[in-house]
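The primary structure of each chain is shown beneath.
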Amino acid sequence: MAQSVLLTGAAGRVGTAVLSDLADEYEWRLLDRDPPTEDLPGEFVVADITDEDAVREAMAGMDAVIHLAGDPRKEAPWSSVLPNNIDGTRVVYEAAVEAGVDTVAFASSNHAVGHYETDERTPEMYREDDDFRLDGTELPRPGNLYGVSKAAGELLGRYYHDEHDLSVACVRIGNLTKGHPPIDYERGQAMWLSYRDCAHLFQRCIEADYGYEIVYGISDNDRKYYSIERAREVLGYEPQDNSAEWNGDERIA
Ligand SMILES: NC(=O)C1=CN([C@@H]2O[C@H](COP(=O)(O)OP(=O)(O)OC[C@H]3O[C@@H](n4cnc5c(N)ncnc54)[C@H](O)[C@@H]3O)[C@@H](O)[C@H]2O)C=CC1
Ligand SMILES: O=C1O[C@H](COP(=O)(O)O)[C@@H](O)[C@H](O)[C@H]1O
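Residues numbered from 1 in each chain as written. Chains lettered and ligands numbered in written order. Predicted model: local features only at pLDDT ≥ 70, side-chain atom pairs only at ≥ 80, totals over all residues. Heavy atoms only, no water.

**Q** Explain the site of ligand 1 to me, please; I cannot follow it from the model alone.
**A** In the region of ligand 1, 25 residues are neighbours, and Arg13, Asp32, Leu68, Tyr146 and Lys150 sit closest. For ligand 1, an oxygen atom lies 3.3 Å from a polar atom in the side chain of Asp34. In isolation ligand 1 offers 820 Å² of accessible surface; the protein chains occlude 90% of this area. Only α1 (13-22), β5 (103-109), α4 (145-164) and β7 (175-176) provide two or more residues apiece to the shell around ligand 1. Here the shell around ligand 1 takes three residues from β5, the largest share from any one element. (Near = heavy atom within 4 Å. Polar contact = N/O pair within 3.5 Å; in protein donor to acceptor, adjacent residues only side chain to side chain. Areas by Shrake-Rupley, 256 points an atom, 1.4 Å probe, with all protein chains shown as cover. Helix = DSSP H or I, 4+ residues; strand = E, 2+ residues; numbered from the N terminus.)

Have a look at this one:
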């Protein structure tokens, strides 16, 4: 069971979702290249994940890592995703292995599989009565260079698992939106991830026993084209939210 956790990208949106429910659950070491603008739990390390020495130092004594730091923009250029998302992720895995960390949960993205959303399948696949599902066993089909960088992060995890026995969970996060699902956006509603389901899923990633996994990070939405069965079975993910329970910003169920 994890006690001390390194959270990279802690100052961002996903980091905020994770800490909003799990602040008191672990001994946190938070890392971000931007200093925090509010009071956060644990120790805060201001560092860039491409700085091998700084990441090695931050990793010392940790049981688990939730690795979120990176450029999250779907239009991010290669000049940014190469250092921040690919090389930075390699540095994190490498330091985790060196420090004897058990588990790394990696923030991958729906954009690693964006090109499954073909003209023939859309918009029907975003709707409740469509049974098309991606389940994490399919090959990546990135929709942009950002998606390529996330697929590369998954592949690096595969290598560090096979070569060094690191447990790695790659979470293909859908659309994290605070409070309510995205409004007037069918695709976003199909892959909505609520803040509390996000925190719970990452907690399951650092608590469950597994080798290497790719799972989808969405709430239990009636509309969905990502299966959450693997996350349920292997990680014990039990999401509480469903975008169908909302009409705009009003909860209706
Ligand atoms: N928000 C979402 O719906 C989704 C997010 N993701 C992934 O989740 C992760 C977090 O995303 P968000 O919180 O939304 O983004 P964000 O931009 O709010 O947070 C990312 C954090 O990482 C930090 N960071 C970026 N590059 C860094 C580096 N080289 N060294 C140290 N810190 C660095 C930034 O300062 C920022 O605080 C990203 O890897 C993103 O690709 C994936 C799918 C959906
Ligand atoms: O990977 C990410 O995906 C989400 C959702 O994608 P979108 O195409 O619906 O915008 C995006 O909001 C987030 O910034 C990105 O990191």
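Right, picking up where we left off after that structure.
**Q** Even after reading the chapter, I still don't get the environment of Ala95, so can you show me in this structure?
**A** Within the secondary structure layout, Ala95 lies in helix α3 (residues 78-99). Leaving out residues up to four positions away in the same chain, Ala95 has contacts with Val55, Arg56 and Met59. (Contact = heavy atoms within 4.5 Å.)

**Q** Hey, could you run me through the sheet that holds β5 in this one?
**A** The pairing of strands in a sheet happens through backbone hydrogen bonds and is either parallel or antiparallel. Strand order in the open sheet made by the seven strands is β3-β2-β1-β4-β5-β6-β9, with parallel pairing throughout. Across the chains shown, the open sheet's two edge strands, defined by having one partner strand only, are β3 (43-46) and β9 (212-217). The average undirected angle you get between the axes of adjacent strands in this sheet is 20 degrees. Pairing geometry for β5 and strand β6 (residues 167-173), over seven bridges, is parallel. Residue pairing in the sheet places Ala105 in a bridge with Ala169 of β6. (Pairing = 2+ DSSP bridges. Axes fitted to C-alpha atoms, helices over the stretch in contact; angles between N-to-C directions.)

**Q** Mind showing me how you'd approach a nonpolar patch on the surface here?
**A** Together, Trp78, Leu82, Leu145 and Val148 line one region of the surface with nonpolar side chains, adding up to about 320 Å² of accessible area. Mapping Leu145 onto the fold places it in helix α4. (Patch = residues over 30% accessible without salt bridge, like charges linked within 9 Å, V, L, I, M, F, W, Y side chains within 5 Å. Salt bridge = Lys/Arg side-chain N within 4 Å of Asp/Glu carboxyl O.)

**Q** What exactly am I supposed to notice about the UniProt feature "binding site: NAD(+)" (unreviewed entry) in the chain here?
**A** What UniProt calls "binding site: NAD(+)" (unreviewed entry) maps, in this numbering, to Asn84, Ser109, Tyr146 and Lys150. Of note, Ser109 is situated in strand β5. Ignoring any residue separated from it by four or fewer positions in sequence, one finds Ser109 in contact with Tyr146, Lys150, Val171, Arg172 and Ile173. At 2.9 Å, the side chain of Ser109 forms a polar contact with the backbone nitrogen of His111. Locating Tyr146 in the fold gives a position in helix α4. (UniProt positions renumbered as here; feature names shortened; annotations may be inferred.)

**Q** Honestly, α4 in this entry has me stumped. Any pointers?
**A** An α-helical segment advances 3.6 residues per turn. Residues three or four places apart therefore align on the same side. The terminal C-alpha atoms of α4, which comprises 20 residues, lie 28 Å apart, in line with the 28 Å expected from a rise of 1.5 Å per residue. The complete set of buried residues in α4 reads Tyr146, Gly147, Ser149, Lys150, Ala151, Gly153, Glu154, Leu156, Gly157, Tyr160 and His161. Asp165, located one to two residues past α4, shows a positive phi value of around 65 degrees. (Expected span 1.5 Å × (residues − 1). Buried < 20%, exposed > 50% of the residue type's maximum accessible area, 1.4 Å probe, protein only.)

**Q** Explanation requested: the pairing of β6 in the structure shown.
**A** Here is the key point about a regular strand: its side chains alternate between the two faces of the sheet. In terms of burial, β6 is largely enclosed, as seven of its seven residues are buried. Along β6, one buried face is formed by Ser167, Ala169, Val171 and Ile173 and the opposite face, lined by Val168, Cys170 and Arg172, is buried too. Of the strand pairs in this sheet, β6 and β9 are connected by six bridges, and their pairing is parallel. In the sheet register, Ile173 faces β9, and the bridge partner there is Gly217.

**Q** Explain the site of ligand 2 here, please?
**A** Around ligand 2 sit Arg13, Pro72, Lys74, Ser109, Asn110, His111, Tyr146, Gly174, Asn175, Tyr185, Arg187 and Met191, and that is every residue in its neighbourhood. A distance of 3.1 Å separates an oxygen atom of ligand 2 from a polar atom in the side chain of Asn110. Within the contact set of ligand 2, an oxygen atom lies 2.7 Å away from a side-chain nitrogen or oxygen of Tyr146. Among the residues forming the shell around ligand 2, the class breakdown is four nonpolar, five polar and three charged. (Nonpolar A, V, L, I, M, F, W, Y, C, P; charged D, E, K, R; others polar.)

**Q** Looking at this structure, how should I read the pattern of salt bridges?
**A** A side chain of one charge can pair with a side chain of the opposite charge when the charged atoms of the two come close. A complete count under the given rule lists 20 salt bridges for this structure. Via salt bridges that share partners, Arg196, Asp241, Glu245 and Arg251 belong to a single interconnected network.

**Q** What exactly am I supposed to notice about the environment of Asp129 here?
**A** Structurally, Asp129 can be placed in the loop between β5 and α4. Overall, the relative accessible area of 74% leaves Asp129 in the exposed class. For the pair Asp129 and Asp222, spaced 93 residues apart in sequence, the C-alpha separation works out to 8.9 Å.

**Q** When you look at the packing of α1 against helix α6 (residues 195-207) in this model, what are you seeing that I'm missing?
**A** Geometrically, a packed helix pair is captured by the angle between its two axes and the distance between the axes. α6 packs onto α1 with a crossing angle of 80 degrees between their chain directions and a minimal axis gap of 8 Å. On the basis of the axis angle, α1 is roughly perpendicular to α6. Of the residues in α6, those touching α1 at Arg13, Val14, Thr16, Ala17, Val18, Ser20, Asp21 and Leu22 are Tyr195, Arg196, Cys198, Ala199, Phe202 and Gln203. (Parallel < 35°, antiparallel > 145°, perpendicular 65-115°, else oblique.)

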